[in-house]
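Chain residues, written in single-letter form:
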Amino acid sequence: MRHPLPALTLGLLMLAACETAPPAVVPTVPAAGATAGCTDAYQSLVGSNIGAVTLPTGLSHRIIPPNTAYTEDFSPDRLNIFVDDKGWITRVTCG
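Keep in mind the model is a prediction, meaning the values are calculated, not measured.

So, about the pattern of salt bridges. According to the stated counting rule, one finds one salt bridge in the structure shown. Among the ionic pairs, D73 bridges to R78, the shortest N-O distance being 3.6 Å. Residue class for D73 comes out partly exposed when judged on its relative accessible area of 41%.

Here you go:
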């Protein structure tokens, strides 16, 4: 007597291997030429991982990890991206 269970299990495993991963959520950032400098539009980056973010070329920015010293000189066009120890963006400011 043959049992269909091994063949059924193998078939289900093969189907599961073909399942695609859900698309990654890409944060929206302003287009490269939309506005120059830092704007409130970058607040949408909060909660994203810094590794998944592509910033426009030419945007003045700095990534600030926790417990890191950084200068507090004010530059209104610069984007400050604060990340936690795992690279998740916790806060975004201009200056």
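Before going further, it helps to spend a moment on the environment of G51. Assignment of secondary structure puts G51 in the loop between α1 (5-18) and β1 (61-64). Distance from G51 to G87, taken between C-alpha atoms, is 7.3 Å for residues 36 residues apart in sequence.

As a further point, take the environment of G87. Looking at the secondary structure, you find G87 in the loop between β2 (79-83) and β3 (89-94). Taking C-alpha positions, G87 is 9.8 Å from G47, a pair spaced 40 residues apart along the chain.

With that settled, the discussion passes to the packing of aromatic side chains. Overall, the coordinates contain one aromatic pair when judged by the stated rule. Taking the centre distance of 5.7 Å and the plane angle of 75 degrees together, the rings of Y70 and F82 count as edge-to-face. Residue Y70 is found in the loop between β1 and β2, and its partner F82 is found in strand β2; the two are separated by 12 residues along the sequence. Note on Y70: relative accessible area 35%, which makes it partly exposed.

Bringing the sheet that holds β1 into the picture now. As summarised here, the arrangement of the three strands in space is β1-β2-β3, forming an open sheet in which the pairing is mixed. Sheet topology places β1 and β3 at the edges, where each strand pairs with a single neighbour. Across the sheet, the axes of successive neighbouring strands diverge by a mean angle of 15 degrees, strand direction being ignored. Where β1 meets β2, four bridges bridge the pair, whose relative direction is parallel. Each residue of the ladder has a partner; that of H61, found in β2, is L79.

What counts, and at which threshold
- Residues numbered from 1 in each chain as written.
- Predicted model: local features only at pLDDT ≥ 70, side-chain atom pairs only at ≥ 80, totals over all residues.
- Heavy atoms only, no water.
- Salt bridge = Lys/Arg side-chain N within 4 Å of Asp/Glu carboxyl O.
- Buried < 20%, exposed > 50% of the residue type's maximum accessible area, 1.4 Å probe, protein only.
- Helix = DSSP H or I, 4+ residues; strand = E, 2+ residues; numbered from the N terminus.
- Phe/Tyr/Trp six-rings, centres within 6.5 Å; stacked < 30°, edge-to-face > 60°.
- Pairing = 2+ DSSP bridges.
- Axes fitted to C-alpha atoms, helices over the stretch in contact; angles between N-to-C directions.

Purely geometric numbers; function is a separate question.
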